[in-house]
Amino acid sequence: MSTLKAVRGTRDLLPPETELWNHVEATARRVFSRYNFGEIRTPIFEDTSLFARGVGEETDIVSKEMYTWEDRARPQSEKAQSLTLRPENTAGVVRAYIEHKLGDTGLLQKLFYIGPQFRRERPQKGRYRQFWQIGAEVIGPISAGSESPLRDAEVLEMLATFLDELGIQGWHLDINSVGSATDRPRYVAALREALAPVKHLMCEDNQRRAETNPLRVLDSKDEKDQEIIEKLPKIADFLDDDSKAHFAAVLAALDACGVPYHVNPRLVRGLDYYTRTTFEFTHGGLGAQNALLGGGRYDGLSEAIGGPKAPGIGFAMGEDRLILTLQAAQEQAAGLADFFIAPLSPDQNPAALELARELRRAGLRVELGDGSFRMKKSFEIGNKLAKKIVLLGEDEVKSGILTVKDFATSDQTKVAREQLLTSSH
Ligand code: AMP
């Protein structure tokens, strides 16, 4: 008898790895609760039409990736119902919002979820057929401020905080506006027009997309087609005044709270329901599947599935990819020294050696810089070799209060010399 294995694209999560999953989920719960989000748990399967209407018939997800089956009718006189394993959770959350009349509270609903999603995609590293998402939605009546650009910025700032608290370094935020429900059709028409004379020069996938969903051509990774894509019209030129003002206000709020971003005019994302702000956080360490999370505003989604007007904004993070990123960082950290000591001038070299001796005697692994190095060079070398850098200037030597920066979290703190001996155990 052949041995049975987990189905292709699914996998078992075993200890000790599950500890890391629990840590990620606990961090999400802790951070999200500070922003006043509460947890929602929706069913893992829903009526197929929820996704057809909520995600969009033309999307890859609905057109080819869903696990759908006809549920046997019981009693037999009833019609069989088409059910689908959820490929994403936003449609389910908005369905619940409508079903439980959460809008009647007159308040913004801030809901987060953690759970498995299912898509029939080609399995590879970072892409599975059952994968986990951690996501959140802010949704409510307009009178509760659900359309405010401040909501977009708050969600983005929360994500930056979450990734920082998890210790994920080197993330990158791309942001764009795809305009309102009236801007988008005008842009799509212009795209179709611009694509018509050139589409036969593009790869097969893009030729098909140019017909079915021209927005998708923009996120094509096909090298050869980039030159054509670069020259296509940009959505920014099709935004109406309201959409422009909304986008400018989101960016101004991000600037004000110091969240770094990059405006990417080609970021349109795959789901139909997005309006105005769309965003994606990527991480270079993930290879081809480099998107850590994606999200955006969906002002018309509630109405698309039969509910009241209820603008909203949300995101979904790939938990599997968060874990991969953390594991890679842990592996890298395993080869690192505990401290890199950076004397700020040659005068501090003897004190640096003395400090290194003390730390090494306490069992810590220490690398020593040199007072002739410029600060920038010390940081560069320190970042490659050690988890933390200790800055040792004249003041630090005199006072015994040292400046320590943790490369994983970017936290810079003042630490008493004696404390340092025990701090990294
Ligand atoms: P989406 O719902 O397509 O916007 O995806 C949001 C996030 O979920 C992505 O940025 C990925 O991190 C993650 N994700 C999507 N599809 C998969 C998959 N098949 N396997 C693992 N993670 C995924």
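All figures in this text were calculated on a predicted structure; none of them were measured in a lab.

This part takes up the UniProt feature "binding site: L-histidine" (unreviewed entry) in the chain. Taking the numbering used here, the UniProt-annotated feature "binding site: L-histidine" (unreviewed entry) corresponds to Glu88, Asn89, Thr90, Arg119, Gln133, Glu137, Arg269, Tyr273 and Tyr274. Counting through the fold element by element, Glu88 comes out in the loop between β4 (81–85) and α4 (90–99). Classification of Glu88 as buried rests on a relative accessible area of 3%. Polar side-chain contacts of Glu88 include one of 3.3 Å to the backbone nitrogen of Thr90. Inspection of the secondary structure puts Asn89 in the loop between β4 and α4. In this structure Asn89 comes out as buried when scored by relative accessible area, which is 2%. Residue contacts for Asn89: discarding those within four places in its chain leaves Thr42, Tyr113, Gln117 and Gln133.

The ligand sits among 15 residues. The nearest are Arg119, Glu121, Tyr128, Arg269 and Ala291. Between the ligand and the protein, one listed contact pairs a nitrogen atom with a backbone N or O atom of Tyr128 at 2.8 Å. Leu293 places a main-chain nitrogen or oxygen 3.4 Å from an oxygen atom of the ligand. Considering the ligand on its own, with 490 Å² of exposed area, one finds that the protein chains cover 91% of that surface.

Secondary-structure assignment places Arg321 in helix α12 (residues 319–334). One buried charged residue, Arg321, forms no salt bridge at all, with the nearest opposite charge on Glu121 at 5.8 Å. In contact with Arg321, not counting residues within four places along its chain, are Gly126, Arg127, Leu286, Gln289, Ala291 and Leu292.

Moving on to the pattern of salt bridges. Pairs can form between side chains of opposite charge once their charged atoms are near each other. Counting across every chain of the model gives 23 salt bridges. Residue Glu154 is joined to Arg151 by a salt bridge in which the shortest nitrogen-to-oxygen separation is 3.0 Å. Residue Glu154 and its partner Arg151 are both found in helix α5 (residues 149–166); the two are separated by 3 residues, about one turn of the helix. Taking relative accessible area as the criterion, Glu154 reaches 21% and is therefore assigned partly exposed. On the basis of relative accessible area, Arg151 is assigned to the buried category, the value being 17%. A single salt-bridge network, built from bridges that share partners, covers Arg29, Glu39 and Arg41.

Procedures and definitions
- Residues numbered from 1 in each chain as written.
- Predicted model: local features only at pLDDT ≥ 70, side-chain atom pairs only at ≥ 80, totals over all residues.
- Heavy atoms only, no water.
- UniProt positions renumbered as here; feature names shortened; annotations may be inferred.
- Helix = DSSP H or I, 4+ residues; strand = E, 2+ residues; numbered from the N terminus.
- Buried < 20%, exposed > 50% of the residue type's maximum accessible area, 1.4 Å probe, protein only.
- Polar contact = N/O pair within 3.5 Å; in protein donor to acceptor, adjacent residues only side chain to side chain.
- Contact = heavy atoms within 4.5 Å.
- Near = heavy atom within 4 Å.
- Areas by Shrake-Rupley, 256 points an atom, 1.4 Å probe, with all protein chains shown as cover.
- Lys, Arg positive; Asp, Glu negative; His and termini not counted.
- Salt bridge = Lys/Arg side-chain N within 4 Å of Asp/Glu carboxyl O.

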